[in-house]
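# Coordinate analysis (summary)
The primary structure of each chain is shown beneath.
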Amino acid sequence: NTNMMKDRKARSLKALMAANTPQECTFQNSTDSSTSEGKVYLANGMMRGDFTAVSSGQTFTSHMITKDGTVYTWIDNMTTGFKTSIDADAQAKTDNSQKQAVDINQELNYNCKPWSADTGTFELPANITFNDLGAMMKPKLDTSTNTADKAAQCKTCDQAPAGPSRDQCKTALELPKGMTVSG
């Protein structure tokens, strides 16, 4: 029998969201080159995640809120973040070709406990301007070589420490991992 107070098992963020149970979950994950940890709050079809990654001695903190069919992401010490619409059909399918900043299909050992939902947890920060990632990507889709847009987006990602954090940013923007901007 599973203890409902402390439920630790491997599952994906997508599975936690689908459970539609108000809960607070924590996780830790390590690779050879980095460690990451976070806390995720889930309630009423909404999700908030606060994540910290350490790579090459640098700490990188990011946040994500999913509500009203939109995913909002931002990084500490920056005044801009990104927002993108969730396609309900695409979210229901396990489509690995769809690139995401946080892999909602990756199974991690989440340690979950019941949570009394606080709607304030899902409020967007007033000091962050959210740019529509879908609108930013349209020029890229319309013209195969819009290097000015790619360079601007890449420069934003290059502010993150090298490693998983920077790679996640570039994945979210659908930029090649090795792309850098000189100057």
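Residues numbered from 1 in each chain as written. Predicted model: local features only at pLDDT ≥ 70, side-chain atom pairs only at ≥ 80, totals over all residues. Heavy atoms only, no water.

For residues with low pLDDT, the predicted coordinates do not support detailed interpretation. Summing up the model confidence of the protein chain, the mean pLDDT is 75 and the portion of residues at 70 or higher is 61%. Below a pLDDT of 50 lies the segment residues 88-101, which in the model reaches 14 contacts outside its immediate sequence neighbourhood of four places, other chains included. Between residues 179-183, whose pLDDT stays under 50, and residues either more than four places distant or in other chains, the model counts 13 contacts. (pLDDT = per-residue confidence, 0-100. Contact = heavy atoms within 4.5 Å.)

General note: in soluble globular proteins, nonpolar side chains tend to be found buried as a group. With 14 residues, the main nonpolar core has L13, L16, V40 and Y110 as its most contacted residues. Of all the secondary structure elements, the ones that give two or more residues to this core are α1 (13-19), β2 (23-30), β3 (34-43), β4 (46-55) and β8 (107-114). Sort the elements by how many residues they give to this core and β8 lands first, with three residues. Setting aside chain neighbours within four positions, we find L16 in contact with R11, Q23, C25, L42, Y110 and C112. (Core = buried A, V, L, I, M, F, W, Y, C linked by side-chain atoms within 4.5 Å. Buried < 20%, exposed > 50% of the residue type's maximum accessible area, 1.4 Å probe, protein only. Helix = DSSP H or I, 4+ residues; strand = E, 2+ residues; numbered from the N terminus.)

Moving on: unusual backbone geometry. Even without being a glycine, N44 presents a positive backbone phi close to 50 degrees. Mapped onto the elements, N44 comes out in the loop between β3 and β4. Under the relative-accessibility criterion, N44 is labelled exposed at 58%. Phi is positive for N77, close to 65 degrees, though the residue is something other than glycine. One can find N77 in the loop between β6 (70-75) and β7 (80-85).

Another aspect to go through is the packing of aromatic side chains. Counted under the stated rule, the structure contains six aromatic pairs. Arranged with centres 5.9 Å apart and planes meeting at 75 degrees, the rings of W115 and F122 form a pair that is edge-to-face. For W115, a relative accessible area of 14% corresponds to the buried category. Taken together, the ring pairs in this structure connect F27, F51 and Y110 into an aromatic cluster. (Phe/Tyr/Trp six-rings, centres within 6.5 Å; stacked < 30°, edge-to-face > 60°.)

Another point: the side chain of K67. Counting through the fold element by element, K67 comes out in strand β5 (residues 58-67). Buried and unpaired, K67 has no salt bridge, with E123 as the nearest side chain of opposite charge at 4.4 Å. Within the structure, the side chain of K67 is placed 3.0 Å from the backbone oxygen of F122, a separation counted as a polar contact. For K67, the contacting residues outside a window of four places in its chain are M46, Y72, F122, E123 and L124. (Lys, Arg positive; Asp, Glu negative; His and termini not counted. Salt bridge = Lys/Arg side-chain N within 4 Å of Asp/Glu carboxyl O. Polar contact = N/O pair within 3.5 Å; in protein donor to acceptor, adjacent residues only side chain to side chain.)

For the structure on display, the rule yields three salt bridges. For R48, the salt bridge identified is with D50, shortest N-O distance 3.0 Å. One salt-bridge network, in which partners are shared between bridges, spans E24, K39 and K113.

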